[in-house]
Amino acid sequence: MARRRNPRVDRDVRAALADALMTEVSDPRLALVTITDVEVTPDHEVATVSWTTVDPDLIASPVRGARRPRPPRPDQVAAALDAAAPLLRGAVGRRLRLRSTPELRFRPDPVAAQAAAVERILRERRDADPGPGAPS
């Protein structure tokens, strides 16, 4: 008989990861990361973690003279998550005390990427559209 996934374990791993990102990881590339979903295999060997971050292209440019650091690009966030995976796995293990702590595999949230693409298209259309009453 095949075992089914346990949504409670998914939820608990997600909460433990979010807490560990806020309290135990000091990498500035991970400051604006949101864990959107976690799917743990029934045997608890692997947890696939979906994440999202602020799109640097959607952030307004700084006001005159003000210097704000730009948020990291998604590829930088992915590299930082991969580097922090052993630390995060240990944090999950300490917080949840599962029989076995799952290996963490990170992937960008596809829904967030699709939403960003739609936002980009809408912005381009709005910028290209002269608006009502404009001469043709």
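See the structure above.
Thresholds, definitions, all that
- Residues numbered from 1 in each chain as written.
- Predicted model: local features only at pLDDT ≥ 70, side-chain atom pairs only at ≥ 80, totals over all residues.
- Heavy atoms only, no water.
- Helix = DSSP H or I, 4+ residues; strand = E, 2+ residues; numbered from the N terminus.
- Buried < 20%, exposed > 50% of the residue type's maximum accessible area, 1.4 Å probe, protein only.
- Contact = heavy atoms within 4.5 Å.
- Pairing = 2+ DSSP bridges.
- Core = buried A, V, L, I, M, F, W, Y, C linked by side-chain atoms within 4.5 Å.
- Expected span 1.5 Å × (residues − 1).
- Bend = angle between axes of the 7 residues up to and from the residue.
- Axes fitted to C-alpha atoms, helices over the stretch in contact; angles between N-to-C directions.

A.B. asks: Provide a residue-level description of the environment of F106, including the pertinent values.
C.D. replies: Note that F106 resides in strand β3 (residues 103–108). The class for F106 is buried, based on a relative accessible area of 16%. Residues F106 and V38, spaced 68 residues apart in sequence, show a C-alpha to C-alpha distance of 9.3 Å. Not counting residues up to four positions away in its chain, the partners in contact with F106 are V49, W51, L81, D82, A85 and L88.

A.B. asks: Go over the pairing of strand β2 (residues 46–52), please, and point to the residues and values.
C.D. replies: With five of seven residues buried, β2 lies mostly within the body of the structure. Here strand β1 (residues 34–40) pairs with β2 via six bridges, running antiparallel. By the bridge assignment, V38 is partnered in β2 with V49. Linking β1 back to β2 in an antiparallel pair, the connection comprises five residues, with H44 at a positive phi of about 65 degrees. One ladder, built from six bridges, connects β2 with β3; its direction is parallel. Note that in β3 the partner of W51 across the bridge is P108.

A.B. asks: Requested: an account of the nonpolar core, with residues and values cited.
C.D. replies: Ranked by internal contacts, the top residues of the largest apolar core, which has 25 residues, are L17, L30 and L88. For this core, the elements supplying multiple residues, two or more each, are α1 (7–23), β1, β2, α2 (74–96) and β3. Broken down by element, this core gets its largest block of residues, eight residues, from α2.

A.B. asks: If you had to explain α2 to someone new, which residues and values would you point to?
C.D. replies: The terminal C-alpha atoms of α2 lie 28 Å apart, and with 23 residues this falls more than 12% below the ideal 33 Å at 1.5 Å per residue. Most pronounced at A85, the bend in α2 amounts to some 55 degrees, and the proline P86 follows within four residues. Burial in α2 covers these residues: V77, A80, L81, A84, A85, L88, A91 and V92. Among the structural elements, α1, β2 and β3 are those in contact with the buried residues of α2. One or two residues past the end of α2 sits R97, with phi positive at roughly 50 degrees.

A.B. asks: Which residues make up the sheet that holds β1, and what are the values?
C.D. replies: Strand order in the open sheet formed by three strands is β1-β2-β3, and the pairing between neighbours is mixed. In this open sheet, the two edge strands, each paired with only one partner strand, are β1 and β3. Across the sheet, the mean angle separating the axes of adjacent strands is 25 degrees when strand polarity is ignored.

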